[in-house]
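Okay, here's what each chain looks like letter by letter:
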Amino acid sequence: MKRMQLLVETREKTGKEENKRLRKAGYVPGIFYSPHYKNNLLLKIPEKELFRFLSDKKHAHGIIDLKIKTDDDKEVTRLALIKDFQYNSLQRKINHFDFYGVTMKEKVTLEVPIILEGEPKGVKEGGILDISLREVAIECLPADAPQAFTVDISEMGFNDVITLEDVVLPEDVKLLTDITRTVASVIAPSKIEEEEVEEEVEEEVIEEADEEEAEDEEGKKQEQE
């Protein structure tokens, strides 16, 4: 399976003021770290490019050929995962990102999206599709990593439920999420409306990570060098 590619650039300076300058110039500061390489690498990427890349969930959680352009115009490639990124929901900006370097010989833990295909029969009859799970955790070698799991839901009727037991996994992929978890169900309209109200209340009390948290994380990783 062809891996996604992402081009980033190295940067020399760090610190809050430098990161603010980068963000003002339209870049997102980040870092590459790995137990397989001696030094961490300070990185930057245009924010528009990173948003475009992350807009596809398969990119956000998959194995990446990270192409790193250095100041002397050389380019090196590292196999990596997006380990973390801090998003400011109020400003709608990505403050920081972390890439974790892996090798083809070590198993990795990934979050893989679930793609639902088709329109359930129960929805055509007036029901509502309630999606309970949009991604699952798996463990596998990078070469065996799927970009997504596809589930056909066209035959679902009223009160039908699909769980992870109904999802077919490749032989060399280990499922880490509880196999009894519900993926989707077709329910009556009144029930889904009540659940949506509860979700909105929960979202109001969740605080997004701010810029200082990103700076602290970067500082800790630099201290590990």
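Preceding block: the structure.
This structure is a prediction, so every number in the text was calculated from the model and none was measured. (Residues numbered from 1 in each chain as written. Predicted model: local features only at pLDDT ≥ 70, side-chain atom pairs only at ≥ 80, totals over all residues. Heavy atoms only, no water.)

Across residues other than glycine, the phi torsion is negative in most instances, and most of the peptide bonds are trans. Unlike most non-glycine residues, asparagine 159 shows phi in positive territory, near 70 degrees. With respect to the element layout, asparagine 159 can be found in the loop between strand E10 (149–152) and strand E11 (161–163). Look at asparagine 159 and you get exposed, because its relative accessible area is 63%. (Helix = DSSP H or I, 4+ residues; strand = E, 2+ residues; numbered from the N terminus. Buried < 20%, exposed > 50% of the residue type's maximum accessible area, 1.4 Å probe, protein only.)

The two faces of the sheet receive side chains in turn, since in a regular strand these alternate between them. Burial of strand E2 (residues 27–33) is extensive: six of the seven residues sit out of reach of the surface. Sheet topology note: the E2/strand E3 (residues 41–46) ladder contains six bridges and is antiparallel. Bridge assignment links isoleucine 31 to a residue of E3, and that residue is leucine 42. Of the pairings in the sheet, the one linking E2 to strand E6 (residues 93–101) comprises four bridges and is parallel in character. Counted as the bridge partner of isoleucine 31 is aspartate 98 from E6. (Pairing = 2+ DSSP bridges.)

We now examine the sheet that holds strand E7 (residues 108–117). The four strands are arranged E10-E7-E9-E12 in an open sheet whose pairing can be described as mixed. Edge strands, defined here as strands with exactly one partner in the open sheet, are E10 and strand E12 (174–175). Looking at chain direction, E7 and strand E9 (residues 135–140) are connected through six bridges and run antiparallel. Across the sheet, the residue bridging to proline 113 is glutamate 135, located in E9.

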